[in-house]
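Now for the letters of each chain:
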Protein chains: 2
Amino acid sequence: MAVCRLFWAEEGGLPADDRGLAYGDGLFETIRMVGQKGVLLSRHLERMVRDAGRLGINVSHRELATVCVQASQRFSERFTGEGWILKLTLTRGAGGRGYRPQSGMVPNLLVSASPLPPAPDASGVVVDFSRVPLTVNPLLAGIKSLNRLEQVMAAAEIGQSLFEVIMSDSEGTLVEGTRTNLLLRKNDIWVTPPVACLAVAGVLRQWLLERLRQRGEAVTERSLTVEDVLGPECQGLFLLNSVLGVVPVRTIAGHDLPVDSGLATICNPLETLE
Amino acid sequence: MAVCRLFWAEEGGLPADDRGLAYGDGLFETIRMVGQKGVLLSRHLERMVRDAGRLGINVSHRELATVCVQASQRFSERFTGEGWILKLTLTRGAGGRGYRPQSGMVPNLLVSASPLPPAPDASGVVVDFSRVPLTVNPLLAGIKSLNRLEQVMAAAEIGQSLFEVIMSDSEGTLVEGTRTNLLLRKNDIWVTPPVACLAVAGVLRQWLLERLRQRGEAVTERSLTVEDVLGPECQGLFLLNSVLGVVPVRTIAGHDLPVDSGLATICNPLETLE
């Protein structure tokens, strides 16, 4: 039984009093599709269901999966070649007096499709450190919520020559890119910041960590420092995004890094089409 | 010359790809109107223009003022008695690829009207401390942006018996309510947290501080602790909101506080109708 009210973006936007617009009171998923299949599709939907629950928004995996099938039938033939992007935006619904959510609100689900972004340079990308500090509320850590103004402000620093900027917390610890999680290789160990400090806990990050551990690789979840990245023991820095894949960093803030494209070969998320 | 694209909420919502919904990429003002005049109207518009500028969104005071006149003509006769609420929601506009804002985007301005909320109990209200920590990005401090999920989560704690909950930062310092700024009286000095640590820097707070200083009262902007509020030297705690006015707290977390309604009499924001 449907719980959400479904909106197709091509037919119009959400109601004027939707709480997603008013307060960022909702969350979203951006899924790379190839035809009618999606990269890490069930993980995307699982994350949305789980994190919606953390916000007190009730939606089921089955309902989201049904909408994805409808969207695939509707959109897949419009996009040829490498695929397309399916975006699901789920909000707590419309109305209510002020910030306080009322019980029994009907969530709104907005569905849209867009072309794939350009593929990143497989030989590595150029990034910089962001001047915009990242603040993560522990209650909201990891949730791909509609509160993304910090990422917008940081992304405004990305000029034509940059692929991404890396954001740090108030202590100067590296946390993540505006749209990517970080994975560093150092002393033959894979290092990535833990979920509790992340603004967005990416599905590709989680899948990749599991995959590396299954292969017997050493993986540590701990804070990353600038020294970890710029020091001589760094064997490579990778950006993770389920649409863009595993992207090696070639240069950060003018410093060249070792580039090993092996990880992208080992872990091709296109293998995870469901 | 108009810069924004104007939308009346009663005629429909913003476009599906508006960045206010997608990322909370915008800000809002909620103005108490009486007929065609507004409480602290020019301060509301000044704040919106200034903070939009901090986000890189271009709007002029003149354009907003013109919209307020149009809104007043449109709505004022629908609401009788004590007045009505005018809400302006300004977003960076529609579209763009991902978080990164494009240059030359046309902001969207959504205008809506609603009835006044019930007046708070003049003899004082009952509040509690929130369990939701407040995190404030220094780059966004004070901006009434559309990123308000922390306030929504805190407001969900407000039951029938509470008027407000008070949020603290990660060090346990009291910062503000979900929709109110704090003003404490202690040792005959007015104390309020400084703008740099606020999620929202209220227009009533700023007006009131100026007014108190003009009257020769001692005003200090510094962090507030739980001890400041619960200790024996507390002479009263007030909640400030330009729609609700100056609201004395009678009980916080089960502790009764001294209530002096003098402040509400001295500083009646309804005198500031413009």
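Let us now look at the interface of chain B and chain A. Interfaces are frequently sized by the accessible area removed from exposure as the parts join. In this complex, chain B contributes 46 residues to the contact, which on the side of chain A involves 46 residues. At the level of secondary structure, the elements contributing two or more residues to the side of chain B that touches chain A comprise helix H1 (19–23), strand S5 (108–115) and helix H4 (149–155) of chain B. The element that contributes the greatest number of residues to the side of chain B that touches chain A is H4(B), accounting for six residues.

Regular strands show a simple pattern: their side chains alternate between the two faces of the sheet. All names here are of chain A. Inspection of the sheet shows strand S9 (residues 181–186) paired to strand S10 (residues 189–192) by three bridges, in the antiparallel sense. Directly across from Lys 186, in S10, lies its bridge partner Ile 189. In this antiparallel pair of consecutive strands, S9 and S10, the connection spans two residues, and Asn 187 shows a positive phi of 50°. Two strands pair when backbone bridges link them, and S10 and strand S11 (residues 219–221) are joined in this way by three bridges, in the parallel orientation. Within S11, the position partnered with Trp 190 by the bridge is Val 219. Running through helix H5 (residues 203–214), the crossover from S10 to the neighbouring parallel element S11 is right-handed.

Residue and element names in this part refer to chain B. For Asn 187, which is not glycine, the phi torsion reads 50° and is therefore positive. Looking at where Asn 187 falls in the secondary structure, it is placed in the loop between strand S9 (181–186) and strand S10 (189–192). Given 10 C-beta atoms within 10 Å, Asn 187 falls into the exposed group. The phi angle at Ala 253 is positive, at roughly 50°, despite the residue not being glycine. Among the structural elements, Ala 253 can be located in the loop between strand S13 (245–252) and strand S14 (255–256). Residue Ala 253 is classed as partly exposed on the basis of its C-beta count, with 13 C-beta atoms lying within 10 Å.

Turning next to the sheet that holds strand S4 (residues 84–91) of chain B. Think of a sheet as strands paired side by side through backbone hydrogen bonds, with each pair either parallel or antiparallel. All names here are of chain B. Across the sheet, five strands lie side by side as S1-S5-S4-S2-S3; this open sheet has mixed pairing. Looking at the sheet topology across the chains shown, the edges are occupied by strand S1 (5–8) and strand S3 (37–38). As paired elements, strand S2 (residues 26–34) and S3 share two bridges and run antiparallel to each other. When the bridges of S3 are listed, Met 33 appears paired with Gly 38. Set on the sheet, helix H2 (residues 41–55) makes contact with S2, S3 and S4; between it and S2 the angle comes to about 175°.

With that out of the way, let us pick up the domain arrangement of chain A. Residue and element names in this part refer to chain A. Assigned domains of chain A: these are domain 1 (5–115) and domain 2 (125–267). On a C-alpha basis, the centroid separation for the pair domain 1 and domain 2 is 25 Å. Listed as interface residues are 16 residues of domain 1 and, on the opposing side, ten residues of domain 2. Sorting the residues of the side of domain 1 that touches domain 2 by element identifies strand S2 (26–34) and helix H2 (41–54) as the ones contributing at least two each. The greatest single-element share of the side of domain 1 that touches domain 2, amounting to six residues, is contributed by S2. Grouping the constituent residues of the side of domain 1 that touches domain 2 by class yields five nonpolar, five polar and six charged.

In terms of nonpolar packing, the biggest core is built from 159 residues, with Leu90(A), Leu237(A), Phe238(A), Leu90(B) and Leu237(B) touching the most fellow members. Those residues in contact with Leu90(A) that sit more than four places away from it in its chain are Cys4(A), Gly26(A), Leu27(A), Phe28(A), Met48(A), Ala52(A), Ile57(A), Val59(A), Pro107(A) and Leu109(A).

After a rotation of 180° and a shift along the axis of 0.0 Å, chain B superposes on chain A with an RMSD of 0.0 Å. Interpreted geometrically, this transformation is the action of a two-fold axis. Among all residues of chain B, the minimum C-alpha distance to the rotation axis is found for Leu21(B), at 2.0 Å. Same-surface contact between copies: 100% of interface residues of chain B are shared with the interface of chain A.

All names here are of chain B. Position of Leu 27 among the secondary structure elements: in strand S2. Accessibility expressed as a C-beta count within 10 Å gives 27 for Leu 27, which makes it buried. Linking Leu 27 and Ser 123, residues 96 residues apart in sequence, is a C-alpha distance of 33 Å. Non-local contacts of Leu 27, meaning those with residues more than four positions away in its chain, are made with Met 48, Asp 51, Ala 52, Leu 55, Leu 90, Ile 143, Lys 144, Ser 145 and Leu 146.

Another point: the sheet that holds S2(A). All names here are of chain A. Strands sit in the order S1-S5-S4-S2-S3 across an open sheet of five strands; the sheet is mixed. Pairing within the sheet leaves two strands with one partner each, and these edge strands are strand S1 (5–8) and strand S3 (37–38). The pairing of strand S4 (residues 84–91) with strand S5 (residues 108–115) spans eight bridges and is classified as antiparallel. From the neighbouring strand, Thr 89 faces S5, where its bridge partner is Leu 110. Where H2 meets the sheet, it contacts S2, S3 and S4, and its direction lies at approximately 175° from that of S2. Packed onto the sheet, helix H3 (residues 61–75) meets S1, S2, S3, S4 and S5 and runs at close to 35° relative to S5.

Residue and element names in this part refer to chain B. Closest axis-to-axis distance for the H2/helix H3 (residues 61–75) pair is 9 Å, and the angle between their directions is 135°. As the angle between them shows, H2 and H3 are arranged oblique. The element H2 and its partner H3 pack so that their crossing is right-handed. Together, Leu 41, Leu 45, Glu 46, Met 48 and Val 49 of H2 and His 61, Leu 64, Ala 65 and Cys 68 of H3 make up the contact between the two elements. Taken together, the residues that form the contact of H2 with H3 break down as seven nonpolar, one polar and one charged.

Turning to H2(A), a few remarks are in order. All names here are of chain A. For H2, spanning 14 residues, the distance from its first C-alpha to its last is 20 Å, which sits close to the expected 20 Å at 1.5 Å a residue. Among all positions of H2, only Leu 41, Arg 43, His 44, Leu 45, Arg 47, Met 48, Asp 51 and Ala 52 are buried. On its buried face, H2 sits against S2, S3, H3, S4 and H5. A positive backbone phi angle near 80° is found at Gly 56, which sits one or two residues after H2.

Calculation rules
For every chain, the first residue of the written sequence is number 1, and numbering continues from 1 onward in sequence order. Think of it this way: whatever chain is written first is A, whatever ligand is written first is 1, and the rest follow in order. Whole-chain, interface and lining totals are the exception, using all residues; otherwise, since this is a predicted model, local features are given only for residues with pLDDT of at least 70 and side-chain atom pairs are given and counted only at 80 or more. Throughout, a pair of residues is in contact if the C-beta atoms placed from their backbones lie within 7 Å. Here a helix means four or more residues in a row that DSSP labels H or I, a strand means two or more in a row labelled E, and each is numbered from the N terminus. Being paired, for any two strands, means DSSP has found at least two bridges between them. Here, the term right-handed applies to a crossover whose path from the first strand over the helix to the second runs clockwise when the strands point away from the viewer. Residues are called buried when their C-beta atom has 20 or more other C-beta atoms within 10 Å, exposed when it has 12 or fewer, and partly exposed otherwise; all C-beta atoms are positioned from the backbone. To obtain an axis, a line is fitted to C-alpha atoms, over the contacting stretch when the element is a helix, and the angle between two such axes runs from 0 to 180 degrees between their N-to-C directions. For the purposes of this description, domain bounds are those given by an automatic or database domain assignment. Three categories are distinguished: nonpolar for Ala, Val, Leu, Ile, Met, Phe, Trp, Tyr, Cys and Pro, charged for Asp, Glu, Lys and Arg, and polar for the others, with Gly belonging to the last. Working definition: the nonpolar core is a set of buried Ala, Val, Leu, Ile, Met, Phe, Trp, Tyr and Cys residues, joined through C-beta atoms within 7 Å. Here the copies are matched by least squares. The fit uses the C-alpha atoms of residues with pLDDT of at least 70 in both. Roughly parallel means an angle under 35 degrees; roughly antiparallel means over 145; roughly perpendicular covers 65 to 115; every other angle is labelled oblique. Crossings are classed by handedness, with left-handed meaning an anticlockwise turn of the near helix from the far one by less than a right angle and right-handed meaning a clockwise turn. Helix span is expected to be 1.5 Å times the residue number reduced by one.

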